[in-house]
Amino acid sequence: MNRTLARRFDLIRRSYQPTPTVPLPDDDLDLHLKLEYTNSHGSAKDRAALWILRQALERGEIDVGTTVVESSSGNFAVALASICRSLGVAFIPVLDPNVNASTETLLRTLCDRVEKVDAPDGAGGYLEARLARVRRLRAELPDVYWTNQYGNVDAVEGHYRLTGGELRQALHRIDYLFVGVGTAATIAGLSLRVKERSPRTRVVAVDAEGSVTFGGPAARRRIPGIGSAIGAPLLRHALIDDVVIVPELDAARGCHELLRRYGVFAGGSTGSVYAAIRSYFRDHPHPHRPTVAFLAVDRGTGYADTVYNPDWVRRFLGGDAEPAGVAQLASA
């Protein structure tokens, strides 16, 4: 590893601290939320980005003249952009129209070059177009490293060692672990770590309606951070017991319920997971009071104009996030 980059990375690594796991008062569950939005750059993706870059630096795949590229319209791009800026390494994110306005503004401030695609693929999404732009950048630039969040097992190891290790320390017992699935790195790393000590823990994967990850039909999705249009190669590393598919309207309602009930201002994927927890235990009553854990992947700030905007929810998701949705979830 380049000595200058090694020194800079060591300072970055030391700035990462464990994120807290807090109890949420609930009548039926011992509910615990790991606040991943308290990471240095605001999301659970910090862990994957940090570990991917660490491994690439150690293998000599990134040097001072390297340009890092990635297809991401959200938290992973922000984490990479921030870490690469601190390292002094160039980073080019490839975005699409679903990017939150605040995220795009931040990325354009952090990065000297930003690519944005605007032509959807056959399913109405943009992932294939973003990946095609990444391939073009790799052919165009002389020294490129693609972090490949969709297939890089270093991301799984990052969540295994960091996120999963902290969760094991925070909670000695976990009966159910609910994790949203996008690239599947988070659920793979967490499930491997948690089931090492507690094989009986049930890991419940949460996916978005319209995602193809678990074999459902592809459809347009408007809430970033959960689901995929191409499947998830890293899913083969995960130990999953159950799957819950959540419509996007329920995800929005989950966000509103978390805010009103607990004061947790979380992003869309966290709302999906919370809605999944409510629906799961409505359909699978538990004879005893189970201990349930999930992640607040990011804050709701980037979703203020979408998930937390009633007009947007009515226009694009076809319903009201509150009060009807809140009452429905609260009584589940």
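Keep in mind that this is a model prediction, so the values were computed, not measured.

How each quantity is defined
Residues numbered from 1 in each chain as written. Predicted model: local features only at pLDDT ≥ 70, side-chain atom pairs only at ≥ 80, totals over all residues. Heavy atoms only, no water. Pairing = 2+ DSSP bridges. Helix = DSSP H or I, 4+ residues; strand = E, 2+ residues; numbered from the N terminus. Contact = heavy atoms within 4.5 Å. Axes fitted to C-alpha atoms, helices over the stretch in contact; angles between N-to-C directions. Salt bridge = Lys/Arg side-chain N within 4 Å of Asp/Glu carboxyl O. Buried < 20%, exposed > 50% of the residue type's maximum accessible area, 1.4 Å probe, protein only.

**Here we look at the sheet that holds strand E3 (residues 67-71)**
Working step 1: Ordered by their spatial adjacency, four strands build an open sheet running E5-E4-E3-E6, and the pairing between neighbours is parallel. With partners counted over all chains shown, the strands left at the sheet margins are strand E5 (115-116) and strand E6 (144-146), one partner each.
Working step 2: With two bridges connecting them, strand E4 (residues 90-95) and E5 associate as parallel partners. Along E5, the bridge assignment pairs Val-94 with Glu-115.
Working step 3: Helix H5 (residues 127-140) rests against E3, E4, E5 and E6 of the sheet, and its axis sits at about 165 degrees to E3.

**Some remarks on the sheet that holds strand E2 (residues 30-35)**
Working step 1: Ordered by their spatial adjacency, six strands build an open sheet running E1-E2-E10-E7-E8-E9, and the pairing between neighbours is mixed. The strands lining the two open edges of the sheet, one partner per strand, are strand E1 (21-24) and strand E9 (242-246). Each neighbouring strand pair of the sheet contributes to a mean axis angle of 25 degrees, computed without reference to strand direction.
Working step 2: Where strand E7 (residues 176-180) and strand E10 (residues 291-296) come together, two bridges link them in parallel fashion. Residue pairing in the sheet places Tyr-176 in a bridge with Val-292 of E10.
Working step 3: Sheet strands touched by helix H8 (residues 248-262): E1, E2, E9 and E10. Its angle to E9, the strand with the most contacts, is close to 95 degrees.

**As for the pattern of salt bridges**
Working step 1: Under the criterion given, the structure shown has 28 salt bridges.
Working step 2: In this structure, Glu-104 engages Arg-108 in a salt bridge whose closest nitrogen and oxygen atoms are separated by 3.0 Å. With a gap of four residues between them, Glu-104 and Arg-108 both fall in helix H4 (residues 101-110), about one helical turn apart.
Working step 3: Looking at Glu-104, the relative accessible area reads 15%, which means it is buried.

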